[in-house]
Amino acid sequence: MNLSVNMQSMSSEDIGWIDQNITQCENKNESIKNSFDTRKNSLNQSVMEGLTNSGLGILLTGIDDSFGKIKDKKGTLESLDDFNSYSVTRKFDAWGSSGKRTWFKDGEEWTFSDVSDFGKQLKSLTSASSILVHNIETKGEFEYNSGSGGTKIYHYDTISDISKAFVDVTNALEPKISKAFKGLGLRSGKNDGISQSLTEVFEVEHQNTSELAKAITNISSLSSSIAINYQEKDKWIAQAIEKGDMTASTSTINVPKTYEAFLKETEIFDDVTDVLQAFDKQVEDRSKKLGKIIASSYSDILDKFEAKTKVVRDGMNEFKKLINSISEELDKSITYEEETLQVATLPVDTSKTTSPGPVAPPIKWEKVKTTGDAGTLGSHLPADVQAAIEDAKNNILPLLDIFNAVLAASQTFNNGLNTMENYLKTVVEKAVYTALDLDEIIKVQMLSSEVIDRMITELSNLDESLKGDNLGLAIKSLSSQVKSVKKLLGYFNKLIQNCFGEQIASSSSSAKGKGKNNSYSGKF
């Protein structure tokens, strides 16, 4: 009767313990599956942190501090653009009364050629201002869809059309980030690929433990019946086993011929060997694809932005040269010399006068030089132009350094996008199915596998013992039942090993002592 008792112990204790392990894994997986929205939000936040660390925030600040602020100075640039430079140089050119004067600037002669050159500088300034007015305009150039009303994963108070476009591109990433959770291959239809696949595995494992418990209980019942009816009913028991008509409620067990047939009957996915290997593949594949998607999502806007920034920067370099050059001249004093003809009265030489009355004094024309002060050169510019030049010096020219800095920030951000893969792999792994939780499930599954290994060994020993006894048809039928259970245990263990066994290089835990350390051979 020892064999019957030991078989019953295997069914109730060891199989029961394995079933509890499956439930433990199932509960852990269920809690992870139920946290899908939390994990999705966490991944969104992690991606945003990665983008911030790559320089997105610095870039947006630079855009607002450059394009946003220069747009506020559009009125200043328009004042310089609308300025008629000839209205200034006409006062000092070679035509009319001004042409009769010799002009001096800070005491040095200011020739008509010099005046013409100054006029050309003023015209160049109006042209440079006009170009800047055109180039700083961004309306309609940076329009990007922020998604179809989905979750806004990034918020930034923008003052520039360009920075707003970057925010729109960033928010449009949300549905693309969610794809990191989708399974691969046969699991591509699962929005939460790993946890949903594990649910199927644990359901199949529960079915197996239930079938195994019944089958081992059958063996226990059969061995008990054989012990009671050994001599008198040997032939009857053999027939009853074959027909499945045992008074002890035993039944035959259906064991698929192959492991593949076993998988088909359990209706589990065909690529069961990849259920957890798929975790690494999914993390690797999705993080790599997500990195490429993020980089490509910003590719167009970064190209446009850098091209736009370079055009504005180059225009500002020219504008800066002109403002600085002209500003140096505006405080210089303008004076002039002018020659005029005046009538001079000469003294009368009375010794040569013969006429008795008064004599008209003789006269002659003489050249007389006069000087004049025309004020500073800047005073001859319209008041609004003077104010615009001063505003440009103080508030527009300093923006050139910011444009150079924001161009560098754009290139830094672009480089950061192309090196995010390793970071994304970490955050995708954590979001899809945290490695720590996965390890816990794997270790519990491997403990169950070790117990099953021991059960198979003991059943093999039992089968050898039954062969040696050679006690008739009943024993042969019992041996057949043992083989069937052993085969089913083998399928079950292969399922566990295929799903979980390759995930840990070596299991530091052991199943020894977890189940009853029974010997399943014994006497009837």
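Residues numbered from 1 in each chain as written. Predicted model: local features only at pLDDT ≥ 70, side-chain atom pairs only at ≥ 80, totals over all residues. Heavy atoms only, no water.

## Quick notes on the side chain of Glu338
Then comes step 1: As for its placement among the helices and strands, Glu338 is situated in strand β3 (residues 333–345).
Then comes step 2: Using a relative accessible area of 17% as the deciding quantity, one classes Glu338 as buried.
Then comes step 3: At 3.3 Å, the side chain of Glu338 and the side chain of Arg101 are in polar contact.
Then comes step 4: Those residues in contact with Glu338 that lie beyond four places of it in its chain are Lys100, Arg101, Val368, Lys369 and Thr370. (Helix = DSSP H or I, 4+ residues; strand = E, 2+ residues; numbered from the N terminus. Buried < 20%, exposed > 50% of the residue type's maximum accessible area, 1.4 Å probe, protein only. Polar contact = N/O pair within 3.5 Å; in protein donor to acceptor, adjacent residues only side chain to side chain. Contact = heavy atoms within 4.5 Å.)

## Considering the side chain of Thr199
Then comes step 1: Mapped onto the elements of the fold, Thr199 is located in helix α9 (residues 193–229).
Then comes step 2: The exposure class assigned to Thr199 is buried, which follows from its relative accessible area of 16%.
Then comes step 3: A polar contact of 3.1 Å, which involves the side chain of Thr199, links it to the side chain of Asn29.
Then comes step 4: For Thr199, the residues in contact, after removing those within four places along its chain, are Asn29 and Lys33.

## So, helix α7 (residues 161–171)
Then comes step 1: The element α7 is largely enclosed, with a buried count of 9 among its 11 residues.
Then comes step 2: Of the residues making up α7, those classed as buried are Ile162, Ser163, Ala165, Phe166, Val167, Asp168, Val169, Thr170 and Asn171.

## Describing the layout of surface pockets
Then comes step 1: Of the volumes computed, that of the second largest pocket is approximately 190 Å³.
Then comes step 2: Along the walls of the second largest pocket sit Ser85, Tyr86, Thr89, Asp93, Ala94, Trp95, Phe112, Val115, Ser116, Gly119, Lys120 and Lys123, which together make up its complete lining.
Then comes step 3: Broken down by secondary-structure element, the contributors of at least two residues to the lining of the second largest pocket are α5 (86–89) and α6 (112–135). (1 Å grid on protein atoms, 1.4 Å probe; cavity = no way out; pocket = protein on both sides within 12 Å on 5 of 7 lines; lining within 4 Å. Points joined across faces, edges and corners; volume = space filled by probe spheres on them.)

## Re a nonpolar patch on the surface
Then comes step 1: On the surface, a cluster of nonpolar side chains totalling about 480 Å² of accessible area is made up of Leu341, Val343, Ile363 and Trp365.
Then comes step 2: When contributions to the nonpolar patch are tallied by element, the ones reaching two or more residues are β3 and β4 (363–376).
Then comes step 3: Topologically, Trp365 is positioned in strand β4. (Patch = residues over 30% accessible without salt bridge, like charges linked within 9 Å, V, L, I, M, F, W, Y side chains within 5 Å. Areas by Shrake-Rupley, 256 points an atom, 1.4 Å probe, with all protein chains shown as cover. Salt bridge = Lys/Arg side-chain N within 4 Å of Asp/Glu carboxyl O.)

## Quick look at the packing of aromatic side chains
For any pair of aromatic rings, geometry is given as the distance between the ring centres together with the angle between the planes.
Then comes step 1: Counting across every chain of the model gives 9 aromatic pairs.
Then comes step 2: Considering the side-chain rings of Phe67 and Phe305, the 6.0 Å spacing of their centres and the 55° angle between planes classify their relative orientation as tilted. Here Phe67, found in helix α3 (residues 56–72), pairs with Phe305, found in helix α12 (residues 277–330); they are 238 residues apart in sequence, far enough to count as distant. Take Phe67 and Phe305: they sit in the same class, and that class is buried.
Then comes step 3: Arranged with centres 5.2 Å apart and planes meeting at 85°, the rings of Tyr298 and Phe413 form a pair that is edge-to-face. Here Tyr298, found in helix α12, pairs with Phe413, found in helix α14 (residues 399–417); they are 115 residues apart in sequence, far enough to count as distant. One exposure class covers both Tyr298 and Phe413, and it is buried. (Phe/Tyr/Trp six-rings, centres within 6.5 Å; stacked < 30°, edge-to-face > 60°.)

## Comments concerning the sheet that holds β4
Then comes step 1: Taking strand neighbours across the sheet as the criterion, the 4 strands line up as β2-β1-β3-β4 in an open arrangement whose pairing is antiparallel. Of all the strands in the sheet, just β2 (108–109) and β4 have a single pairing partner and so form its edges.
Then comes step 2: Alignment of β3 against β4, held across 12 bridges, turns out to be antiparallel. Bridge pairing links Thr335 to Asp373 in β4. (Pairing = 2+ DSSP bridges.)

## As for the nonpolar core
Then comes step 1: With 74 residues, the main nonpolar core has Leu51, Phe166, Tyr298 and Phe319 as its most contacted residues.
Then comes step 2: It is α12 that provides the largest number of residues to this core, a total of 14 residues.
Then comes step 3: Sequence-distant contacts of Leu51, that is, excluding residues within four places in its chain, are made with Leu56, Thr170, Leu173, Ile294, Tyr298, Phe413, Leu417 and Met420.
Then comes step 4: Within the second largest apolar cluster, 45 residues are counted, among which are Met7, Cys25, Leu212 and Phe500. (Core = buried A, V, L, I, M, F, W, Y, C linked by side-chain atoms within 4.5 Å.)

## Let's talk about unusual backbone geometry
Peptide bonds are trans in most cases, and residues, glycine excluded, mostly fall at negative phi.
Then comes step 1: Notably, Asp106 is not glycine yet its phi reads approximately 50°, a positive angle.
Then comes step 2: Among the structural elements, Asp106 can be located in the loop between β1 (101–105) and β2.

## Topic: the pattern of salt bridges
Then comes step 1: By the definition in use, this model includes 13 salt bridges.
Then comes step 2: We note a salt bridge from Lys69 to Asp65, for which the minimum N-O separation is 3.7 Å. Here Lys69 pairs with Asp65, and both are found in helix α3, just 4 residues apart, close to one helical turn.
Then comes step 3: On the basis of relative accessibility, which here comes to 40%, the residue Lys69 falls in the partly exposed class.
Then comes step 4: Close ionic contact of Asp168 with Lys164 constitutes a salt bridge, the shortest N to O distance being 3.2 Å. With Asp168 and Lys164 both in helix α7, this residue pair falls 4 residues apart, about one helical turn.
Then comes step 5: Looking at Asp168, the relative accessible area reads 13%, which means it is buried.

## Observations regarding the confidence of the model for the chain
Then comes step 1: In this model, the chain carries an average pLDDT of 80, and 78% of its residues clear a pLDDT of 70 or more.
Then comes step 2: Mean pLDDT in the chain bottoms out at helix α10 (residues 234–243), which sits at 59, and peaks at helix α13 (residues 383–396), which reaches 96.
Then comes step 3: Between residues 503–524, whose pLDDT stays under 50, and residues either more than four places distant or in other chains, the model counts 50 contacts. (pLDDT = per-residue confidence, 0-100.)

## Re the packing of helix α4 (residues 74–81) against α6
The angle between the axes and the distance between the axes are what describe a pair of packed helices.
Then comes step 1: Running from N to C, α4 and α6 cross one another at 145°; their axes reach a closest spacing of 7 Å. When the axes of α4 and α6 are compared, the crossing they make is left-handed. Side by side, α4 and α6 meet where Lys74, Leu77, Glu78, Leu80 and Asp81 of the first sit next to Leu125, Thr126, Ser129, Ser130, Leu132 and Val133 of the second.
Then comes step 2: A per-class count over the contact of α4 with α6 returns 5 nonpolar, 3 polar and 3 charged. (Axes fitted to C-alpha atoms, helices over the stretch in contact; angles between N-to-C directions. Left-handed = near helix turned anticlockwise from the far one by under 90°. Nonpolar A, V, L, I, M, F, W, Y, C, P; charged D, E, K, R; others polar.)

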